[in-house]
Amino acid sequence: MLLFLGDLGASELMLLMLIVPLGAVLHFLPSIIAFKRPDRLLIFLVNLLAGWSIIGWFVALYLALRKAPVPKPFSFSTAPAGTSAISVADELGKLRDLRNQGVLTAAEFERQKNNLLS
């Protein structure tokens with residue numbers, strides 16, 4: 001690589017060694033911002049493939065800074081239909097146990113039970 005740089009002095013080489021990593025960090029800034037997002041792979045690919053253009057870089061930055069990732073289209077819930085009934089039954093069982101242990105009074109138990117069932 002040094003053959004292509006020609007006759008560079010120490011100060012020019014040091015400046016080049018600072019500019020190249022700084023430019024790489026600046027180029028991949030959207031990917032760095034999106035590191036903990038669930039759609040970070042999409043953002044990285046947009047940043048890598050289209051980030052060389054100003055528009056591509058700003059698109060990647062927008063994707064990294066938006067509030068929530070776009071939900072997957074045509075995704076269906078895998079939870080069974082009776083999940084809410086099971087959780088209400090579990091909560092009622094916990095309330096019954098608390099009443100039997102003396103933590104809740106009968107009136108508190110009835111009030112919490114009515115809140116769960118309504």
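Everything below is about the structure printed above this text.
**Concerning the overall build of the protein**
Stage number 1. Each helix and strand in the protein was counted, giving seven helices and zero strands.
Stage number 2. Traced from its N-terminal end to its C-terminal end, the protein shows the element sequence α-α-α-α-α-α-α.
Stage number 3. Across the 118 residues of the protein, 16% fall into the buried class.
Stage number 4. Restricting the contact set of the protein to residue pairs at least 6 apart, pairs at least 24 apart contribute 40%.
Stage number 5. Total accessible area on the protein is roughly 9,600 Å²; 71% of this is exposed by carbon and sulfur atoms.

**Structural notes on the pattern of salt bridges**
Stage number 1. Taken as a whole and assessed by the stated rule, the structure comprises five salt bridges.
Stage number 2. Residue Lys94 pairs with Glu91 through a salt bridge whose shortest N-O separation is 3.7 Å. Of this pair, Lys94 and Glu91 both sit in helix H6 (residues 83–101), three residues apart, roughly one helical turn.
Stage number 3. On the basis of relative accessible area, Glu91 is assigned to the partly exposed category, the value being 35%.
Stage number 4. Between Glu110 and Lys113 there is a salt bridge; the shortest N-O distance is 3.3 Å.

**A word on the side chain of Arg66**
Stage number 1. Here Arg66 is to be found in the loop between helix H5 (54–65) and H6.
Stage number 2. In terms of polar contacts, Arg66 uses its side chain to reach the side chain of Asp39, at 2.5 Å.
Stage number 3. Residues in contact with Arg66, not counting those within four places in the same chain, are Arg37 and Asp39.

**Observations regarding H5**
Stage number 1. Its twelve residues give H5 an end-to-end C-alpha distance of 16 Å, which sits within 8% of 16 Å, the value for a rise of 1.5 Å per residue.
Stage number 2. Turning to H5, its buried residues number three or more, namely Gly56, Trp57, Ala60, Leu61, Leu63 and Ala64. Each buried residue of H5 sits inside an arc of 160 degrees when the element is viewed along its axis, so together they form one side. Facing away from the buried side of H5, by more than 90 degrees, are the exposed residues Ile54, Ile55, Tyr62 and Leu65.
Stage number 3. Contacts made by the buried residues of H5 are with helix H2 (10–27), helix H3 (29–33) and helix H4 (40–50).

**With respect to the environment of Ala50**
Stage number 1. The residue Ala50 is located in helix H4 in this model.
Stage number 2. By relative accessible area, which is 28% here, Ala50 ends up partly exposed.
Stage number 3. Note: C-alpha distance between Ala50 and Ala60 (ten residues apart in sequence) is 8.4 Å.
Stage number 4. Those residues in contact with Ala50 that sit more than four places away from it in its chain are Leu45, Gly56 and Trp57.

**Observations concerning the packing of aromatic side chains**
Working definition: an aromatic ring pair is given by the centre-to-centre distance plus the angle between the planes.
Stage number 1. Per the counting criterion, the structure on display carries two aromatic pairs.
Stage number 2. Between Phe28 and Phe44, the aromatic rings sit 6.1 Å apart at their centres with planes inclined by 20 degrees, giving stacked as the arrangement. You can see Phe28 sitting in the loop between H2 and H3 and its partner Phe44 sitting in helix H4, a full 16 residues away along the chain.
Stage number 3. On the basis of relative accessible area, Phe28 is assigned to the partly exposed category, the value being 27%.
Stage number 4. Both rings, one in Trp57 and one in Phe58, keep their centres 5.1 Å apart while their planes meet at 85 degrees; by these two values the pair is edge-to-face.

Cut-off values and rules
- Residues numbered from 1 in each chain as written.
- Predicted model: local features only at pLDDT ≥ 70, side-chain atom pairs only at ≥ 80, totals over all residues.
- Heavy atoms only, no water.
- Helix = DSSP H or I, 4+ residues; strand = E, 2+ residues; numbered from the N terminus.
- Buried < 20%, exposed > 50% of the residue type's maximum accessible area, 1.4 Å probe, protein only.
- Contact = heavy atoms within 4.5 Å.
- Areas by Shrake-Rupley, 256 points an atom, 1.4 Å probe, with all protein chains shown as cover.
- Salt bridge = Lys/Arg side-chain N within 4 Å of Asp/Glu carboxyl O.
- Polar contact = N/O pair within 3.5 Å; in protein donor to acceptor, adjacent residues only side chain to side chain.
- Expected span 1.5 Å × (residues − 1).
- Arc of directions from axis to C-beta.
- Phe/Tyr/Trp six-rings, centres within 6.5 Å; stacked < 30°, edge-to-face > 60°.

The values are spatial; any link to function lies outside them.
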